[in-house]
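# Working through the structure, step by step
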Number of protein chains: 2
Amino acid sequence: MPASVASPALVDVAIVGVGLVGSSVISQLLTVPSLSASLRIVLLQNSKRALLTPQGLSTSTPAAASSWAQNLAASPDAALPPRALVAHLQAHRAQSGKHVVVVDNTSSQLIADAYPAFLGAGLSVVTPNKKAFSASSSLYAAILSALQSGASAKNPIERPLVYQESTVGAGLPIIGTLNDLVGTGDKVKKIEGVLSGTFSYIFNNYSTVKGSSVAFSQVVAVAKEQGYTEPHPGDDLSGSDVARKLTILARLLPDDFDPTTALPEGYASVDTKSLTPAPLAQVTDPAEYVSRLPDFDADFDTLRKQAFERGEVLRYVGVIDVEKKAIKASLESYPFAHPFASALSGSDNIIAFHTSRYANAPLIVQGAGAGADVTAMGVVADLRRVAERRAV
Amino acid sequence: MPASVASPALVDVAIVGVGLVGSSVISQLLTVPSLSASLRIVLLQNSKRALLTPQGLSTSTPAAASSWAQNLAASPDAALPPRALVAHLQAHRAQSGKHVVVVDNTSSQLIADAYPAFLGAGLSVVTPNKKAFSASSSLYAAILSALQSGASAKNPIERPLVYQESTVGAGLPIIGTLNDLVGTGDKVKKIEGVLSGTFSYIFNNYSTVKGSSVAFSQVVAVAKEQGYTEPHPGDDLSGSDVARKLTILARLLPDDFDPTTALPEGYASVDTKSLTPAPLAQVTDPAEYVSRLPDFDADFDTLRKQAFERGEVLRYVGVIDVEKKAIKASLESYPFAHPFASALSGSDNIIAFHTSRYANAPLIVQGAGAGADVTAMGVVADLRRVAERRAV
């Protein structure tokens, strides 16, 4: 049915982190009528200041959609640390009688560590922040436990939910699809994907079906210039972003990877191939890192040539092999006709779910896996789901 | 979060149609513990008999998962026509205090025509049946209207919902993805896809990147033998199945195609290219149809050759061009490197959403778009969503 039919009543939203993604979340909530009718922003904060809008951030004037930034900068209220935020939102809920969702748009481990406290207080969490779900299994167990005990709260507005679609592939339907597969009893056999936009860009240019001779260091340098990498490219080439996403996905397969014990150190427990050459492992200066990378171009070129002679291209992928209980982030090669080789372009993500039901050919989702607007879209779609379930 | 966390309380399910898809729906509901804990089957019926299980179809014995079929066949109760079904389920709800969902696993227009009555009585509808959403705009308007007025029912268990994921691409995340795009304010520019498993199989074999010389009639004959076509292949080659799916998708773009007025005759209003040669249009006997199809092989071969010389392959696709307000089901050609050409195999569906946010490259979903288990999966995933929203 049309997404706008039967718009739910109100749920209140507290937004932590108002950078590129957070700003886009706010913009979508304020400008789409069916969203502003059902979701009310009652708090905004960055790392310094908080803007308290208990009656809802106004949408009555066109200026409201952009004026919040000045108002936040000019606010007399300091940003609330997690414990104070919980107390504030509980008091707000007691007043308003509405369910409250915390949207964490940061990449902060400090905020992630507070999810058990948020959930324990009956606040939902919606987030693109990978940190909480890819850290230690003890944090994950604390999140599950808070969620489980919150589910039996007497008052439905105090029953917390967690939605995290944008933690893998931004707005692409990956987490939701995996939950539907598992939740309807399908048996996942393997999940395999190009899960990093940075690696996608690098290898879509470095290793192509038509053949390519550009130097690896040159592709990395261009990726950095065009903003596809972190400020230090080594943070991407380490593979840790892929390892985090694999951790998140594996923990959604509770029958195969007990989320409270498997991957005890989270992403650090994943078998991860770093593409940073060993001699550069300790180089913290990005400029020095980039300038020394050409010394290793020949090594990468050998791998590329060997793959090409087999009719294959190189791709940095994440693989969860359920039958072998193996989870790894690594550089692999794929035949020219494989969707990872031929159908991928730009910095797109692609993920393939091989299951009992999707046995002949996998279920595949593909598209932009990074960027503020698509990441915000995943967050806002999750907020709609919370509103559908918790509106009063 | 894991799909099984915080399983909701009970919602009651009435299943109409227990063929291949219906049987798989029942099997999934009975055998997945988190589902049987939240969704209770209180009625089953085929076109002849009804099995009333007001306390829930038992899952206490292993036999229950298969014994329902014998019990249904032996039931003293005749199948309930729509009006009697509504009365029965309303009375059941008054007793049980649970929300009730009607699952329509038929392909019956008669049942589809009753959706306004179901919704008007506060019963939700979950279905893979395309008929209601691809028929006249007046039926669709009646569905929307019943849904809208039901949303304000005082008692939440009487507020109806409609979920229809499996009407396009079976269990693939297509309807849900489109609703998320639209619901978060993205602007859809074009939707394009191979939406028929039959056409996918036919053209993946008939027109390939490597070149193919098999006769069109031969591919159709094999497809029929292997069960990829309807009993009369002309029912597939007409393109009406694709036209129905396009109608369903277009109506989810309410700002662009007013569902209550656009496509007044539903799928019959879609510009649809039939691949049945004109002289065979009136041939109702499948054997005669198949035996005369070779007379037209040369025409198809010419199209294939012309495409191949351009470096392209033939694909039967559905296209919704929002900017041109054009909706058509037709035979098109795509360059070898296009995902529709190179990345497609078997009878897979593929769909590409071109939007403002997915501008550089579309959001693509691909995989098996037909089959009882994946169709049932879409139905059951929708039932979970109803349970999450309406459990008491």
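Residues numbered from 1 in each chain as written. Chains lettered and ligands numbered in written order. Predicted model: local features only at pLDDT ≥ 70, side-chain atom pairs only at ≥ 80, totals over all residues. Heavy atoms only, no water.

## A closer look at the interface of chain A and chain B
Counting from both sides, the interface comprises 56 residues of chain A and, opposite them, 56 residues of chain B. Here chain A meets chain B over a buried area of about 4,500 Å², counting both sides, of which 61% is carbon and sulfur. Sorting the residues of chain A by area buried against chain B places A:M1, A:Y358 and A:M377 first, and these three jointly supply 17% of that buried surface. Across the chain A-chain B interface, the total number found is six salt bridges. With a closest N to O distance of 3.5 Å, A:E388 and B:R389 form a salt bridge. Inspection of the region where chain A meets chain B yields six residue pairs in polar contact (both at pLDDT 80 or more). Secondary structure elements with two or more residues in the side of chain A that touches chain B: α2 (33–36), α8 (137–150), β7 (162–163), α9 (175–183), β13 (363–368) and α17 (372–390) of chain A. (Contact = heavy atoms within 4.5 Å. Buried area = accessible area lost by both parts, 1.4 Å probe. Salt bridge = Lys/Arg side-chain N within 4 Å of Asp/Glu carboxyl O. Polar contact = N/O pair within 3.5 Å; in protein donor to acceptor, adjacent residues only side chain to side chain. Helix = DSSP H or I, 4+ residues; strand = E, 2+ residues; numbered from the N terminus.)

## Considering the UniProt feature "binding site: NADP(+)" (unreviewed entry) in chain A
Residues and elements named next belong to chain A. When the UniProt feature table is mapped to this numbering, "binding site: NADP(+)" (unreviewed entry) covers G17, V18, G19, L20, V21 and G22. Relative to the helices and strands, G17 resides in the loop between β1 (11–16) and α1 (20–31). Residue G17 is classed as buried on the basis of its relative accessible area of 11%. For G17, the residues in contact, after removing those within four places along its chain, are G22, Q45, N105 and T106. For G19, a relative accessible area of 43% gives the class partly exposed. (UniProt positions renumbered as here; feature names shortened; annotations may be inferred. Buried < 20%, exposed > 50% of the residue type's maximum accessible area, 1.4 Å probe, protein only.)

## Describing the packing of α1(A) against α17(A)
Residue and element names in this part refer to chain A. Orientation of α1 relative to α17, taken along the N-to-C sense of each, is 55°, at an axis distance of 8 Å. Here α17 runs oblique to α1, going by the angle between their axes. At the point where α1 passes α17, the crossing takes the right-handed sense. Within the contact between the two elements, α1 uses L20, V21, S24, V25, Q28 and L29 and α17 uses A372, D373, T375, A376, M377, V379, V380 and L383. Looking at the contact of α1 with α17 residue by residue, the class counts come to ten nonpolar, three polar and one charged. (Axes fitted to C-alpha atoms, helices over the stretch in contact; angles between N-to-C directions. Parallel < 35°, antiparallel > 145°, perpendicular 65-115°, else oblique. Left-handed = near helix turned anticlockwise from the far one by under 90°. Nonpolar A, V, L, I, M, F, W, Y, C, P; charged D, E, K, R; others polar.)

## So, the environment of A:D12
All names here are of chain A. Summarising the element assignment, D12 is placed in strand β1. When the C-alpha atoms of D12 and S291 are compared, they prove to be 49 Å apart, with 279 residues separating the residues in sequence. When near neighbours in sequence (up to four residues on either side) are disregarded, D12 contacts R40, V42, H92, S96, K98, H99, V100 and V101. Of the polar contacts made by the side chain of D12, one reaches the side chain of R40; its length is 2.8 Å.

## Overview of unusual backbone geometry
Positive phi is not limited to glycine here, since B:A170 has a value of about 50°. As for its placement among the helices and strands, B:A170 is situated in the loop between β7 (162–163) and α9 (175–183).

## Examining the relation of the copies chain A and chain B
Least-squares fitting of chain A to chain B yields an RMSD of 0.1 Å, with the transformation described by 0.0 Å of translation along the axis and a rotation of 180°. Such a combination of rotation and displacement between the chain copies is what one expects of a two-fold axis. A share of 100% of the interface residues of chain A reappears at the interface of chain B, consistent with the copies meeting face to face through the same patch. (Least-squares fit on C-alpha atoms with pLDDT ≥ 70 in both.)

## Notes on the sheet that holds strand β2 (residues 39–45) of chain B
Residues and elements named next belong to chain B. Spatial ordering of the open sheet is given by β4-β3-β2-β1-β5-β6-β7, a layout of seven strands whose pairing is mixed. In this open sheet, the two strands that pair with only one neighbour each are β4 (77–78) and β7. Strand direction decides the pairing type here: strand β6 (residues 124–126) and β7, joined by two bridges, are parallel. Within β7, the position partnered with V125 by the bridge is V162. Contacts from helix α17 (residues 372–390) reach β1 (11–16), β2, β5 (100–104), β6 and β7 within the one sheet, and its direction differs from that of β6 by about 155°. (Pairing = 2+ DSSP bridges.)

## Focus on the sheet that holds strand β6 (residues 124–126) of chain A
All names here are of chain A. An order of β4-β3-β2-β1-β5-β6-β7 is seen for the seven strands of this open sheet, with the pairing classed as mixed. At either end of the open sheet lies a strand with only one pairing partner, and these are β4 (77–78) and β7. Pairing of strand β3 (residues 49–52) with β4 involves two bridges; the strand directions are antiparallel. Counted as the bridge partner of R49 is A78 from β4. Sitting on the sheet, α1 touches β1 and β2 (39–45), and the angle it makes with β2 is about 150°.

## Details of the pairing of strand β8 (residues 188–194) of chain A
Taken residue by residue, a regular strand's side chains alternate between the two faces of the sheet. Residues and elements named next belong to chain A. The buried count for β8 comes to five of seven residues, which makes it a mostly enclosed element. Looking at chain direction, β8 and strand β10 (residues 312–321) are connected through four bridges and run antiparallel. Of the residues in β10, the one forming a bridge with G193 is G318.

## Comments concerning the packing of aromatic side chains
On inspection of all chains with the given rule, the structure shows 24 aromatic pairs over all chains. Pairing B:F203 with B:Y206 gives two aromatic rings, centres 6.3 Å apart and planes at 80°, and the pair type is edge-to-face. Residue B:F203 and its partner B:Y206 are located together in helix α10 (residues 197–206), separated by three residues, close to a single helical turn. Between B:Y334 and B:F340, the ring centres sit 5.1 Å apart and the planes meet at 55°, which makes this aromatic pair tilted. There is no split in this pair, since B:Y334 and B:F340 are both buried. Through pairs of rings, three or more aromatic residues link up here, namely A:F199, A:F203, A:Y206, A:F216, A:F300 and A:Y316. Looking at A:R244, its charged tip hangs above the ring of A:Y267, at a distance of 3.9 Å from the centre. (Phe/Tyr/Trp six-rings, centres within 6.5 Å; stacked < 30°, edge-to-face > 60°. Lys NZ or Arg CZ within 6 Å of the ring centre and 35° of its normal.)

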